[in-house]
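An overview of the molecular structure
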Amino acid sequence: MATSQLEAYALQLLQERGVTVEQIGELVLFLQEKYIPDLDLEVCLKHVKHVLTKRDVQNAIITGITLDKLAENKQLEDPLQSIIEQDEGLYGIDEVIALSIVNIYGSIGFTNFGYIDKVKPGLLARLNDKTNGCHTFLDDIVGAIAAAASSRLAHTVSRLGEG
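For the structure given in this document, a descriptive report is provided here. Everything numeric here is computed off the predicted structure, so don't read it as measured data. (Residues numbered from 1 in each chain as written. Predicted model: local features only at pLDDT ≥ 70, side-chain atom pairs only at ≥ 80, totals over all residues. Heavy atoms only, no water.)

This brings us to the overall build of the protein chain. Scanning the protein chain from N- to C-terminus turns up nine helices and zero strands. Along the protein chain, helices and strands appear, N-terminal first, in the series α-α-α-α-α-α-α-α-α. In terms of overall dimensions, the protein chain is globule-like: its C-alpha atoms have a radius of gyration of 15 Å, near the 15 Å expected for 163 residues. With respect to the three principal axes, the spread of C-alpha positions in the protein chain is 55 × 35 × 25 Å. Counting every position in the protein chain, which comprises 163 residues, the buried fraction comes to 46%. In the protein chain, once contacts between residues fewer than 6 apart in sequence are set aside, the share between residues at least 24 apart is 73%. As displayed, the protein chain offers around 8300 Å² of accessible surface, 54% of which is attributable to carbon and sulfur atoms. Each charge class in the protein chain can be summarised by its mean position, and for the 14 positive and 23 negative side chains these summaries are 4 Å apart. (Helix = DSSP H or I, 4+ residues; strand = E, 2+ residues; numbered from the N terminus. Rg over C-alpha atoms; globule rule 2.2 N^0.38 Å. Buried < 20%, exposed > 50% of the residue type's maximum accessible area, 1.4 Å probe, protein only. Contact = heavy atoms within 4.5 Å. Areas by Shrake-Rupley, 256 points an atom, 1.4 Å probe, with all protein chains shown as cover. Lys, Arg positive; Asp, Glu negative; His and termini not counted. Charge placed at Lys NZ, Arg CZ, Asp CG, Glu CD.)

Moving on: helix α7 (residues 108-119). The terminal C-alpha atoms of α7 lie 17 Å apart, and with twelve residues this matches the ideal 16 Å at 1.5 Å per residue to within 8%. One or two steps after α7, the chain reaches K120, where phi turns positive at roughly 50 degrees. (Expected span 1.5 Å × (residues − 1).)

A separate point is the nonpolar core. Ranked by internal contacts, the top residues of the largest apolar core, which has 50 residues, are V19, V48, L52, I61, I101, V142 and I145. It is helix α9 (residues 138-159) that provides the largest number of residues to this core, a total of eleven residues. Beyond its immediate chain neighbours, meaning those up to four positions away, V142 contacts V19, I24, L27, L123, L124 and L127. (Core = buried A, V, L, I, M, F, W, Y, C linked by side-chain atoms within 4.5 Å.)

Time to look at the packing of aromatic side chains. What the rule picks out here adds up to two aromatic pairs. Centre to centre, the rings of F30 and Y115 are 6.1 Å apart; their planes meet at 10 degrees, and the pair counts as stacked. Of the two residues, F30 sits in helix α2 (residues 21-32) while Y115 sits in helix α7, which places them 85 residues apart along the sequence. You can call F30 partly exposed: its relative accessible area is 25%. Y115 sits in the partly exposed class, given a relative accessible area of 37%. (Phe/Tyr/Trp six-rings, centres within 6.5 Å; stacked < 30°, edge-to-face > 60°.)

Written out as structure tokens, the structure is:
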């Protein structure tokens with residue numbers, strides 16, 4: 001599968017922020033292992049990689065990480081600077097961007113995203129920790145990628161008659 005410049009840049013930004021495709025795959029495994037017998041990380045990675053080929057996903061990654069970096073470097077004007085820096089609970093734009101990713105694979109993505117956003121397993125707990133940089137957008141984007149990949153996986157298994 002050929003990688004576009006936009007996709008390569010989005011993947012580079014994820015890597016710079018300490019996020020790997022494998023870690024997102026582990027989140028997919030977390031979401032789906034109860035429902036798909038013998039699911040392994042390799043299958044999850046295939047679906048994550050497919051989600052990452054979508055231009056909407058790449059745009060969300062680039063936009064979100066850029067805003068996180070600007071906030072981290074105190075380059076936004078207040079009140080936006082404070083809102084993003086503190087990840088205020090009533091600021092929902094980070095979730096709106098994440099939902100643009102979730103929308104790609106249907107309604108099951110919403111429940112996957114809501115669950116993983118609430119539980120914040122593994123990588124999401126680290127990204128949500130305010131002591132290691134500003135990841136107001138990134139934690140939701142990563143959760144949305146995992147939710148979308150989980151939805152894609154569930155749809156695939158359903159089509160194959162295995163679920």
